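# Summary of structural features
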Amino acid sequence: MCLGVPGKIIDIYEADGLRMGRIDFGGTVREACLAYVPEAAVGDYTVIHVGFAISRLSEEEAQSTLAVLREIANLEEELGPEEMATDENG
């Protein structure tokens, strides 16, 4: 399964001819390529997948998605990874 995670652009710069950004994922900051979302600006939320911003989204959408991801992480913590794998496979 592939997962795109919302993050907030906190800085935009160019590196080796590519438009890049520093993305804040709720306190964890990572670098991502912004070439696929040229309209993105500092303060925007984007979906990041394997180091690339693939779309913009509203702050409300980003916060909603992050809340669901936190719930999933909490559920896995409660059940343990073995139980989650069993549930996914039926």
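Preceding this section is the structure that the text describes.
Reading the values: the criteria
- Residues numbered from 1 in each chain as written.
- Predicted model: local features only at pLDDT ≥ 70, side-chain atom pairs only at ≥ 80, totals over all residues.
- Heavy atoms only, no water.
- Helix = DSSP H or I, 4+ residues; strand = E, 2+ residues; numbered from the N terminus.
- Contact = heavy atoms within 4.5 Å.
- Core = buried A, V, L, I, M, F, W, Y, C linked by side-chain atoms within 4.5 Å.
- Buried < 20%, exposed > 50% of the residue type's maximum accessible area, 1.4 Å probe, protein only.
- Pairing = 2+ DSSP bridges.
- Patch = residues over 30% accessible without salt bridge, like charges linked within 9 Å, V, L, I, M, F, W, Y side chains within 5 Å.
- Areas by Shrake-Rupley, 256 points an atom, 1.4 Å probe, with all protein chains shown as cover.
- Salt bridge = Lys/Arg side-chain N within 4 Å of Asp/Glu carboxyl O.

Take the overall build of the protein chain next. Looking only at helices and strands, the protein chain features two helices and five strands. If you list the helices and strands of the protein chain from N to C, you get β-β-β-β-β-α-α. In the protein chain, the share of contacts with a sequence separation of at least 24, taken over all contacts with a separation of at least 6, comes to 32%.

Generally speaking, soluble globular proteins have nonpolar side chains that are buried together. Grouped together as the largest cluster of nonpolar side chains are eight residues: Ile9, Ile23, Ala32, Leu34, Val37, Ala40, Ile48 and Ala53. With residues up to four places along the chain from it excluded, the contact list for Ala40 reads Ile9, Ile12, Arg19, Thr46 and Arg56.

Our focus in this paragraph is the pairing of strand β5 (residues 52–57). Sheet topology places strand β4 (residues 45–49) next to β5; five bridges connect them, and they run antiparallel. Its bridge partner being in β5, Ile48 is matched across the sheet by Ala53. Linking β4 to β5, which pair antiparallel, is a turn of two residues; within it Val50 sits at a positive phi near 40°.

With respect to the helices and strands, the residue Thr46 is situated in strand β4. Assessed through its relative accessible area of 0%, Thr46 is described here as buried. Every residue in contact with Thr46, bar those within four places of it in the chain, is listed here: Val5, Pro6, Gly7, Ile9, Ile23, Ala40, Ala53, Ser55, Arg56 and Leu57.

With that settled, consider unusual backbone geometry. Residues other than glycine seldom take positive phi values, yet Asp16 does so here, at roughly 55°. You can see Asp16 is positioned in the loop between β1 (5–15) and β2 (18–25). Residue Asp16 is classed as exposed on the basis of its relative accessible area of 84%. Positioned with a positive phi, Val50 is a non-glycine residue whose angle comes to about 40°. Considering the arrangement of structural elements, one finds Val50 in the loop between β4 and β5.

This part is about a nonpolar patch on the surface. A cluster of nonpolar side chains, Tyr36, Val50, Phe52 and Ile54, forms an exposed patch at the surface whose accessible area comes to about 430 Å². Tracing the backbone through its elements, the reader meets Tyr36 in the loop between β3 (28–33) and β4. Accessibility expressed as a relative area gives 57% for Tyr36, which makes it exposed.

Right, let's talk about the pattern of salt bridges for a bit. As a working rule, side chains carrying opposite charge can pair if their charged atoms are close by. Counted according to the given criterion, the structure contains one salt bridge. A salt bridge links Arg56 to Asp44, with the nearest nitrogen and oxygen atoms 3.3 Å apart. With a gap of twelve residues between them, Arg56 in strand β5 and Asp44 in the loop between β3 and β4 connect regions that are remote in the sequence. The class for Arg56 is partly exposed, based on a relative accessible area of 42%.

Keep in mind these numbers describe shape, not what the thing actually does.
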